[in-house]
Amino acid sequence: MSIEYTALNKETAAGEIKNFLESCPEEAVFRMVINSKRGYLRIKVKNVSRSRFRKLIGRLKIRKSRK
């Protein structure tokens, strides 16, 4: 889901980001990109269970390569 705002002030932006962060679970992992040249901020929630799954596969691959 994406929401785009134009011509908003600092207080509105801070409030929207605060509401977004409060709606996410405590164990959520985020990816944040700030591009000051182009003037945008992107915050994306990464899938925690998916990243744990990838770490497990990576560990298994390392174990197989050592044997």
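Residues numbered from 1 in each chain as written. Predicted model: local features only at pLDDT ≥ 70, side-chain atom pairs only at ≥ 80, totals over all residues. Heavy atoms only, no water.

Before going further, it helps to spend a moment on the overall build of the chain. When helices and strands are tallied, the chain shows two helices and two strands. Along the chain, helices (α) and strands (β) appear in the sequence α-β-β-α when read from the amino end. By the burial criterion, 4% of the 67 residues in the chain qualify as buried. Taken as a whole, the chain presents about 6800 Å² of accessible surface, with 52% of it coming from carbon and sulfur. (Helix = DSSP H or I, 4+ residues; strand = E, 2+ residues; numbered from the N terminus. Buried < 20%, exposed > 50% of the residue type's maximum accessible area, 1.4 Å probe, protein only. Areas by Shrake-Rupley, 256 points an atom, 1.4 Å probe, with all protein chains shown as cover.)

Looking now at the confidence of the model for the chain. Note that predicted coordinates carrying low pLDDT should not be read in detail. Residues of the chain with pLDDT of at least 70 account for 76%, and the chain-wide mean is 78. Put simply, helix H2 (residues 48-66) is where the chain has its lowest mean pLDDT, 67, and helix H1 (residues 10-23) is where it has its highest, 88. (pLDDT = per-residue confidence, 0-100.)

Below, the discussion takes up the packing of aromatic side chains. Scanning the model with the defined rule gives one aromatic pair in all. Aromatic pair Phe 20 and Phe 30: ring centres 6.2 Å apart, planes at 65°, arrangement edge-to-face. With Phe 20 in helix H1 and Phe 30 in strand S1 (residues 29-35), the pair connects residues that are ten residues apart, well separated along the chain. Under the relative-accessibility criterion, Phe 20 is labelled partly exposed at 31%. (Phe/Tyr/Trp six-rings, centres within 6.5 Å; stacked < 30°, edge-to-face > 60°.)

In this section: the environment of Ile 17. With respect to the helices, strands and loops of the structure, Ile 17 is situated in helix H1. What Ile 17 contacts, discounting residues up to four positions off in sequence, is Leu 41 and Ile 43. (Contact = heavy atoms within 4.5 Å.)

Across seven bridges, the pairing between S1 and strand S2 (residues 40-46) is antiparallel. What sits directly across from Met 32, in S2, is Ile 43. In textbook terms, the turn of a hairpin is the stretch between consecutive antiparallel strands, and for S1 and S2 this stretch comprises four residues, one of which, Gly 39, has a positive phi near 80°. (Pairing = 2+ DSSP bridges.)

On to a positive patch on the surface. Taken together, the side chains of Arg 31, Arg 42, Lys 44, Lys 46, Lys 55 and Arg 59 make up a positively charged region of the molecular surface. With three residues, the top contributor of residues to the positive patch is S2. With respect to the secondary-structure elements, Arg 59 resides in helix H2. (Patch = residues over 30% accessible without salt bridge, like charges linked within 9 Å, V, L, I, M, F, W, Y side chains within 5 Å. Salt bridge = Lys/Arg side-chain N within 4 Å of Asp/Glu carboxyl O. Lys, Arg positive; Asp, Glu negative; His and termini not counted. Charge placed at Lys NZ, Arg CZ, Asp CG, Glu CD.)

Turning our attention to a nonpolar patch on the surface. A cluster of nonpolar side chains, namely Ile 17, Phe 20, Leu 21, Phe 30, Met 32, Ile 34, Leu 41 and Val 45, defines an oily patch on the protein surface of about 680 Å² accessible area. Broken down by secondary-structure element, the contributors of at least two residues to the nonpolar patch are H1, S1 and S2. For Ile 17, a relative accessible area of 31% gives the class partly exposed.

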